[in-house]
Amino acid sequence: MDIPRIFNVTESAHRIHNPFTSKKFATLGEALRLEPETRVLDLGSGSGEMLCTWARDHGIRGTGIDKSRLFSEQAKRRAEELEVADRVEFIHGDAAGHVSDEKVAVAACVGATWIGEGVAGTIALLAKSLRTGGIILIGEPYWLHLPPTEDVAKGCLAGSISDFLTLPGLLASFGKLGYDVVEMVLTDQDGWDRYEAAKWLTMRRWLDANPQDELAADVRALLTSEPQRYATFTREYLGWGVFALMAR
Ligand code: SAH
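Criteria and thresholds
Residues numbered from 1 in each chain as written. Predicted model: local features only at pLDDT ≥ 70, side-chain atom pairs only at ≥ 80, totals over all residues. Heavy atoms only, no water. Buried < 20%, exposed > 50% of the residue type's maximum accessible area, 1.4 Å probe, protein only. Helix = DSSP H or I, 4+ residues; strand = E, 2+ residues; numbered from the N terminus. Pairing = 2+ DSSP bridges. Right-handed = clockwise from strand over helix to strand, strands pointing away. Phe/Tyr/Trp six-rings, centres within 6.5 Å; stacked < 30°, edge-to-face > 60°. Lys NZ or Arg CZ within 6 Å of the ring centre and 35° of its normal. Near = heavy atom within 4 Å. Polar contact = N/O pair within 3.5 Å; in protein donor to acceptor, adjacent residues only side chain to side chain. Areas by Shrake-Rupley, 256 points an atom, 1.4 Å probe, with all protein chains shown as cover. Nonpolar A, V, L, I, M, F, W, Y, C, P; charged D, E, K, R; others polar.

J.: So what's going on with the pairing of strand β1 (residues 39-43)? Which residues, and what values?
T.: The element β1 is extensively covered by neighbouring structure, given that four of its five residues are classed as buried. Relative to strand β2 (residues 61-66), β1 runs parallel, the two being bridged by five bridges. Directly across from D42, in β2, lies its bridge partner G64. Regarding the hand of the β-α-β motif, the stretch spanning β1, helix α3 (residues 49-58) and β2 is right-handed.

Printed below as a string of structure tokens:
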């Protein structure tokens, strides 16, 4: 089981697989006022940066599940590096339908809401693992400005304009699902650059090292087109944030 190999190539050097920086995760951890021993579940935990740094900085205990074998291994290594391997556990697996045995105080899905087939389904899934009064974290894109055409939405790698909401629309949608938005930390263009531009050097180095690989032509095409596509579309039109929710 794994995610499409192209992501394991382009994001192999990322510690955070989202337009968030380590500073933003630190801001979010502080904003949530995490207490030591707080239990956190993270569906689509990537290379584990959120759980590992929160274990180091706040003494939380965490479980992360991720479908990428590479990212899951990187998460385990990161836990050892930060000396929190006794506090966090990373499971390589499919998080779809995953409910924790023990209820958690914080249940997160940060940039992987397809796991529950969308935001509403992912909130419903996370709620099954959450103790009463707990916090759900959803990391999700939103439109900074509504794209004027469907082509612009596709340029942002969205299927259509309707895939995402504006920030006020997204906040209102959480209310309609019966949740208070109790905190949020939003990224900025610099955060987007760290996520997207970091792929370019990774791709270039990978291409130089793997010219005969079956993915080489795809990676070459991406490296050629991505900087312009990103600057024209995603960087201009897409915002991204993590939203903290509590059931009303
Ligand atoms: N939350 C992490 C990773 C976000 S990227 C971070 O902030 O860095 C999305 C992640 O979802 C990737 O790590 C990918 O491997 C993982 N993923 C995709 N489909 C999944 C699934 N069905 N179950 C578990 N993880 C999945």
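J.: Describe the packing of aromatic side chains, and please don't skip the residues or the numbers.
T.: All chains considered together, the criterion is met by six aromatic pairs. Aromatic pair Y142 and F243: ring centres 6.4 Å apart, planes at 70°, arrangement edge-to-face. Placement of Y142 in strand β5 (residues 130-143) and of F243 in strand β7 (residues 238-247) is noted, with a sequence separation of 101 residues between them. For F243, a relative accessible area of 0% puts it in the buried group. Ring plane angle 45° and centroid distance 5.6 Å describe the contact between F174 and F243, whose orientation is recorded as tilted. Taken as a pair, F174 in helix α7 (residues 167-176) and F243 in strand β7 lie far apart in primary sequence, 69 residues in all. Each member of the pair, F174 as well as F243, is classed as buried. Within the aromatic cluster, the residues linked to one another by ring pairs are F20, F25 and W240. It is K199 that lies over the ring of Y195; its NZ or CZ is 4.1 Å from the centre.

J.: Account for the site of the ligand, with residues named and values stated.
T.: The environment of the ligand is made up of 20 residues, and the closest members are N18, G44, D66, D94 and A95. One nitrogen or oxygen atom from the main chain of A95 is found 2.8 Å from a nitrogen atom belonging to the ligand. Contact between the ligand and V110: a nitrogen atom at 2.9 Å from a main-chain N or O atom of the residue. Burial of the ligand by the protein chains amounts to 92% of its free accessible area of 570 Å². Residues of the shell around the ligand, tallied by class, amount to nine nonpolar, eight polar and three charged.

Worth remembering: the numbers are spatial, not functional.
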